[in-house]
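What the coordinates show
The lines below spell out each chain.
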Amino acid sequence: MSNDFNARLDKILDRITSDDFLHGRGLGNEIPFYAFDYPPEQEPAVREHIGFLLEQIPKRRPELRVAHINLFELMIGHLKDRGFYDKALALQKQKGDEALRKALAAPLDPGKLAGVIVEQVDPESQDLVLVSGVGSAYPLLRTHNLLNNLHHRLGSTPLVLFYPGVYDGQSLRLFGLLPDKPYYRAFRLVD
């Protein structure tokens, strides 16, 4: 398993810096969303590899404009910007996780967070968007909802989702266990 996983990691840089990938060749009219799914226990290795990618992409393709969004950090920043973060911590301590989840449903609505991502990334000024932090953002954010809200906002800018779970081309299963609604719009980044 580890050798297969490392071989898949090793394919990412070549794939995301290729002209075919960056220009959406072979996609027809499909949106350029990709998922790199991986075993959740490999999260530290994936985080390290994302750092490696962010160092290597400018060396390989200096002209590429790449944005990286960590969903968990984005959510925390959004809550802090709106003055909800400290209140959310207090609510969780007083009333527990379920009360917190309900209270944050509106401020962390996937449509609103998609808007925050677009503001931060400015897709028209990027050639590639990398998204991580999916596991940390759960259960406050479900990935399929966010992706559905990003489709029309990112245009032709490729998005790569680093997903701690299983994506079989039909559905996302966070941590390989939690079923999500079917999501058919992404391609597997590498096999």
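Scroll up for the structure.
Read on for a plain summary of the structure. Please read these numbers as outputs of a predicted model, since none were measured by experiment.

Let us now look at the packing of aromatic side chains. Scanning all chains against the criterion turns up five aromatic pairs. Between phenylalanine 36 and phenylalanine 162, the ring centres sit 5.9 Å apart and the planes meet at 55 degrees, which makes this aromatic pair tilted. Residue phenylalanine 36 is located in strand β1 (residues 33-38), and its partner phenylalanine 162 is located in strand β4 (residues 159-167); the two are separated by 126 residues in the primary sequence. Through a chain of ring-to-ring contacts, three or more aromatic side chains come together here, namely Phe21, Tyr34 and Phe187. A cation over an aromatic ring shows up here: arginine 8 above the ring of phenylalanine 36, its NZ or CZ 4.3 Å from the ring centre. Geometry around tyrosine 85 places lysine 80 over its ring, the cationic atom sitting 4.9 Å from the centre.

Turning to unusual backbone geometry, a few remarks are in order. The peptide bond linking tyrosine 138 to proline 139 adopts the cis configuration, its omega dihedral lying at 10 degrees. As for its placement among the helices and strands, proline 139 is situated in the loop between α8 (134-137) and α9 (143-154). If you check the backbone angles, aspartate 122 has positive phi at about 50 degrees while not being a glycine. By relative accessible area, aspartate 122 is classed as partly exposed at 38%.

Let's shift gears to helix α4 (residues 71-81). Looking only at α4, the buried set comprises Leu71, Leu74, Met75, Ile76, His78 and Leu79. Where α4 begins, the capping side chain belongs to asparagine 70, and its oxygen is found 3.0 Å from the backbone nitrogen of phenylalanine 72. Just downstream of α4, glycine 83 is the residue with a positive phi angle, here 75 degrees.

Moving on, we get to the packing of helix α1 (residues 2-16) against helix α3 (residues 43-60). Where α1 meets α3, the axes come as close as 10 Å, and the angle between the chain directions of the two elements is 30 degrees. The angle between α1 and α3 falls in the class roughly parallel. Here α1 runs over α3; the crossing is right-handed. Contacts between α1 and α3 involve Phe5, Leu9, Ile12, Leu13, Asp14 and Ile16 from the former and Ala45, Val46, His49, Phe52, Leu53, Gln56, Ile57 and Arg60 from the latter. Per-class residue counts for the contact of α1 with α3 are ten nonpolar, two polar and two charged.

Thresholds applied
For every chain, the first residue of its written sequence is number 1, and the numbers climb from 1 along that sequence. Confidence filtering applies because this is a predicted model: local features only for residues at pLDDT of at least 70, side-chain atom pairs given and counted only at 80 or more, and all residues used for totals across whole chains, interfaces and linings. With hydrogens and water set aside, each side-chain value is computed from the structure's full complement of heavy atoms. For Phe, Tyr and Trp, where Trp contributes only its six-membered ring, two rings pair if their centres lie within 6.5 Å, and the inter-plane angle classes them as stacked under 30 degrees, edge-to-face over 60, or tilted in between. The numbering of helices and of strands both runs from the N terminus, where a helix is a DSSP run of H or I of at least 4 residues and a strand a run of E of at least 2. When the NZ atom of lysine or the CZ atom of arginine is within 6 Å of a ring's centre and also within 35 degrees of its normal, the charge is said to sit over that ring. Throughout, exposure labels follow a simple rule: accessible area from a 1.4 Å probe, protein chains only, divided by the maximum for the residue type, with under 20% read as buried, over 50% as exposed, and the rest as partly exposed. Any pair of nitrogen or oxygen atoms within 3.5 Å is treated as a polar contact; in protein, a donor-acceptor pairing is required on top of that, and neighbouring residues in sequence qualify only through side-chain atoms on both sides. For every element, the axis is a line fit to its C-alpha atoms; helices are fit only across the contacting stretch, and the angle between N-to-C directions ranges from 0 to 180 degrees. Oblique is the label for every angle not falling under 35 degrees (roughly parallel), over 145 degrees (roughly antiparallel), or within 65 to 115 degrees (roughly perpendicular). By the definition used in this description, the sense in which the near helix is turned from the far one sets the handedness, with an anticlockwise turn below a right angle giving left-handed and a clockwise turn giving right-handed. Contacts are assigned to residue pairs that have any heavy atoms within 4.5 Å of one another. Polarity classes work like this: nonpolar for Ala, Val, Leu, Ile, Met, Phe, Trp, Tyr, Cys and Pro, charged for Asp, Glu, Lys and Arg, and polar for all others, with Gly in that last group.

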